[in-house]
Amino acid sequence: MKKFFSFIGVLGILIGFAQFSWGQTTITTTTITTDTTWTLAGSPYIVTGHVYVQGSPTPTLTIEPGVEVRVNDYVCLEIGHGSDNAKSGILMADGSAGTITFTMAGSSYWNNIGFHQTGTGTINHCLIEYGGYNGYGNIWCYDSSPNILNSITRNSKNHGIYVYRYDYNANPLILGNTITDNGTTTSGYGRANASKSHN
């Protein structure tokens, strides 16, 4: 009988450990070239190397509501690449049904979610924090026009949102966000040509 209860105890510990460790996904340096979904079942996502979303036809990275993305020191998530239409990309992170979180995994700041000329998408009801290591911000829009809506961007080493216009008309929609406690500016914007309201 004692052996039976010992077996039940060990089994319970193993089941508890399995439940605790289930679902974590590690993302190493990768280029996403086909439609991909980061699911709630796979959360948290530990991003240890740069992630590039780019290709032709255009790939979409979809992040489900409630997912937590933990990014290592100095690492970035880049959507699109330059002005090359063969390297376009889309990020869809809609946390309307459960906040999506982008945060640090290590002891220092990560880089950012970067939208290039050929990158676009939507960030909605997300929390983005502890990025901005590379001098821009938690979110970086380089001649691109994503929708950044109803989100919190905070505790960046630099800007909360950095919008840069060079040769193209960068006009992201930045609406209903809380931009706070960032390192460089109180407003959280860099060079801006953006539609901004109620931030």
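Look a little higher up for the structure.
Calculation notes
- Residues numbered from 1 in each chain as written.
- Predicted model: local features only at pLDDT ≥ 70, side-chain atom pairs only at ≥ 80, totals over all residues.
- Heavy atoms only, no water.
- Helix = DSSP H or I, 4+ residues; strand = E, 2+ residues; numbered from the N terminus.
- Buried < 20%, exposed > 50% of the residue type's maximum accessible area, 1.4 Å probe, protein only.
- Contact = heavy atoms within 4.5 Å.
- Phe/Tyr/Trp six-rings, centres within 6.5 Å; stacked < 30°, edge-to-face > 60°.
- Salt bridge = Lys/Arg side-chain N within 4 Å of Asp/Glu carboxyl O.

Observations concerning the environment of Leu 61
- Following the sequence through the fold, Leu 61 ends up in strand E6 (residues 60-63).
- Leu 61 sits in the buried class, given a relative accessible area of 0%.
- Put simply, Leu 61 and Ile 32 are 29 residues apart on the chain and 7.7 Å apart in space, counted from C-alpha to C-alpha.
- Other than its neighbours up to four places away in sequence, Leu 61 contacts Ile 32, Thr 36, Trp 38, Val 53, Leu 77, Ile 90, Leu 91 and Met 92.

Quick word on the environment of Pro 172
- Note that Pro 172 resides in the loop between strand E17 (159-164) and strand E18 (173-175).
- Using a relative accessible area of 0% as the deciding quantity, one classes Pro 172 as buried.
- Residues Pro 172 and Thr 122 lie 50 residues apart in sequence; the distance between their C-alpha atoms is 9.9 Å.

Some points on the packing of aromatic side chains
- Using the criterion set out here, one finds 7 aromatic pairs in the structure.
- Geometrically, the ring pair formed by Trp 38 and Tyr 45 is stacked, given 5.0 Å between the ring centres and 10 degrees between the ring planes. Each of the two residues, Trp 38 as well as Tyr 45, counts as buried.
- Seen from their ring centres, Tyr 136 and Tyr 162 are 5.2 Å apart, and the 65 degrees between their planes marks the pair as edge-to-face. Of this pair, Tyr 136 sits in the loop between strand E13 (126-129) and strand E14 (137-142) while Tyr 162 sits in strand E17, placing them 26 residues apart in sequence.
- On the basis of relative accessible area, Tyr 162 is assigned to the buried category, the value being 12%.

Here's the deal with the pattern of salt bridges
- Tallied over the full model, the rule gives 2 salt bridges.
- Across the pair Glu 68 and Arg 70 runs a salt bridge whose closest N-O atoms are separated by 2.5 Å.
- Classification of Glu 68 as partly exposed rests on a relative accessible area of 27%.
- Arg 154 is the partner of Glu 129 in a salt bridge, and the nearest nitrogen-oxygen pair spans 2.9 Å. Highlighted residues: Glu 129 in strand E13 and Arg 154 in strand E16 (residues 152-154), separated in sequence by 25 residues.

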